[in-house]
Amino acid sequence: MLRSAGILMFRRKPFGLEVLLVHPGGPFWAKKDDGAWSIPKGLREDGEAAEVAARREFYEETGCVPDGDLIRLGEFRQAGGKRVEVFALEGDFDLGAFKSNVFEMEWPPHSGRRRAFPEVDRAGWFSLETARSKILKSQQPILAALEDVM
C-alpha cells in the first residue's frame, strides 16, 4: 500500500486560523482551482518515519524548512486509496520565498518531447472557511482534525 506523509502549516490571525495550501503544478492542474489545492505531502520511502518524510516533502514542495514541533493529526485515506499521515505545524511561511522542486513528463502527450514542470506551482494562506472550498475533497477531514486539536 502506498503511504504518504504531509504537514498542514497553520498560523493564528485575529479572525482565526489560516492554513498553508499548495497548488499542484503541471498541465493537468493548470486551470483548476477550487477543489484542487492540497497540503504539502508526498510518498514515504521504505522504512522512513512519517515525521521525516513529512518534513522532507514540505521542503521539496515549498522551499521552506519546517522547523518546530509537529502535532499529529492522524492518518487519512485519499481518493485513490493512498493513506497519508498528517502533522500540523505552527509557522508563518513567507510566500515570497516559495520554491518548488520540478518533475519531467512527456508534454504534449505522445509528442516524444519531455518538459519540466514544478511539482507545486503556487502556495497560499487561506482562512479555514476558504480552505474548505480550495482543498481536495478527500483532504477536507484534515482541516476538521486541525480544528479539533486547536
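The structure we're discussing is the one just above.
Residues numbered from 1 in each chain as written. Predicted model: local features only at pLDDT ≥ 70, side-chain atom pairs only at ≥ 80, totals over all residues. Heavy atoms only, no water.

## Examining the nonpolar core
- Counting 20 residues, the largest nonpolar core has Leu8, Val19, Leu21, Leu73, Val86 and Leu146 as its most contacted members.
- Listed by contribution, the elements that provide at least two residues to this core are strand E1 (3-13), strand E2 (16-24), strand E4 (71-77), strand E5 (83-90), helix H2 (128-134) and helix H3 (140-149).
- No other element matches the 4 residues that H3 contributes to this core.
- In terms of nonpolar packing, the next biggest core, distinct from the first, is built from 16 residues, Ala54, Phe58, Phe87 and Val120 among them. (Core = buried A, V, L, I, M, F, W, Y, C linked by side-chain atoms within 4.5 Å. Buried < 20%, exposed > 50% of the residue type's maximum accessible area, 1.4 Å probe, protein only. Helix = DSSP H or I, 4+ residues; strand = E, 2+ residues; numbered from the N terminus.)

## So, the environment of Gly124
- The residue Gly124 is located in strand E8 (residues 120-127) in this model.
- Leave out the neighbours within four places in its chain, and Gly124 touches Val19, Leu20, Leu21, Trp37 and Leu95. (Contact = heavy atoms within 4.5 Å.)

## Details of unusual backbone geometry
- Residues Trp107 and Pro108 are joined by a peptide bond in cis, for which omega reads -5 degrees.
- Looking at where Pro108 falls in the secondary structure, it is placed in the loop between strand E6 (102-106) and strand E7 (114-118).
- Notably, His110 is not glycine yet its phi reads approximately 65 degrees, a positive angle.
- Relative to the helices and strands, His110 is located in the loop between E6 and E7.

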